[in-house]
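Read off the chains here:
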Amino acid sequence: VDEDDMSCGLLCHSSSQCSDGKLDCGSNTATCLIECGEYGSSSDDHCKSSKIICGYGDCEIYCNGKASCGDSQINGKLASNLMIYCNGEDSCKGNTEISCPKSDNSICFIQCVESTSCEDLKMTNAANCQCEGNGCNRMDTDCDTVQMGAGFLPDIGSGGFLPPVQAVPQQV
């Protein structure tokens, strides 16, 4: 934790380094960044089956490498905005559960790069979810509206996302 700006960065770059663990940025952090594997990594299971907890600020989680965040619980209920990048084969696949921020003004975004990146993933608690990539149609959500497609990468610094390509109401 950086005491000057209350940011937190957790780096899990070795294979299975943070598996079956608890990764908690603390509730008072303005920014939480968790990197499970380096981008383009060939190692596996970096944060698999972990409990990841975001604080009240912005929270970004990078799941790089095969099965890097699979079967994990990601609690972003308190976060201002939650962005999750599933950048590998099966990176967020399985019994992965994402609890989105509760505020209607919050962003809950997930990127599913591979067709199996988000398979069987569950996303809950958000009024609006945004998903980009090949695996968006393979996840389960209770969001009121899910926006899928390309063209709305997160840009928190400028106040939000670019316009979505497609809005798909979820069946209840």
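Structure's up top.
K.L.:
What am I meant to see in the nonpolar core here?
P.N.:
Among soluble globular proteins, nonpolar side chains are generally buried collectively. With 36 residues, the main nonpolar core has I61, I84, I110 and M123 as its most contacted residues. Looking at this core, the elements with two or more residues in it are strand 1 (7-12), strand 3 (31-36), strand 5 (58-63), strand 7 (81-86), strand 9 (107-112) and strand 11 (128-133). Excluding anything up to four places from it in sequence, I84 contacts I61, C63, I74, C92, I98, F109, I110 and Q111.

K.L.:
Can you walk me through the state of the cysteines in this structure?
P.N.:
Two cysteines form a disulfide when their sulfur atoms are joined by a covalent bond. Considering all chains together, one arrives at 9 disulfides under this definition. Here C12 connects covalently by a disulfide to C18, the sulfurs 1.9 Å from one another. Here C12 and C18 share a disulfide; its torsion about the S-S bond, -85°, makes the bridge left-handed. For the residue pair C12 and C18, the accessibility class agrees, reading buried in each case. In this structure C8 is not part of a disulfide, and its nearest cysteine sulfur, from C25, lies 3.1 Å away.

K.L.:
Explain the environment of G26 here, please?
P.N.:
Take G26: it is sitting in the loop between strand 2 (22-24) and strand 3. You can call G26 partly exposed: its relative accessible area is 26%.

K.L.:
I'm lost on the packing of aromatic side chains in this one. Help?
P.N.:
Aromatic rings in a pair are described by how distant their centres are and how their planes are angled relative to each other. Taken as a whole and judged by the stated rule, the model has 2 aromatic pairs. Seen from their ring centres, Y62 and Y85 are 4.7 Å apart, and the 10° between their planes marks the pair as stacked. Taken together, the positions of Y62 in strand 5 and Y85 in strand 7 put the pair 23 residues apart, joining distant regions of the chain. Residue class for Y85 comes out buried when judged on its relative accessible area of 10%. Each ring, one from Y85 and one from F109, has its centre 5.8 Å from the other, and the planes form 55°; the classification is tilted. A residue pair is termed long-range when its members are at least 10 positions apart, and Y85 in strand 7 and F109 in strand 9 qualify at 24 residues. The same class applies to Y85 as to F109, namely buried. Linked through ring pairs, Y62, Y85 and F109 together constitute an aromatic cluster.

Basis of the calculations
Residues numbered from 1 in each chain as written. Predicted model: local features only at pLDDT ≥ 70, side-chain atom pairs only at ≥ 80, totals over all residues. Heavy atoms only, no water. Core = buried A, V, L, I, M, F, W, Y, C linked by side-chain atoms within 4.5 Å. Buried < 20%, exposed > 50% of the residue type's maximum accessible area, 1.4 Å probe, protein only. Helix = DSSP H or I, 4+ residues; strand = E, 2+ residues; numbered from the N terminus. Contact = heavy atoms within 4.5 Å. Disulfide = S-S within 2.5 Å. Phe/Tyr/Trp six-rings, centres within 6.5 Å; stacked < 30°, edge-to-face > 60°.

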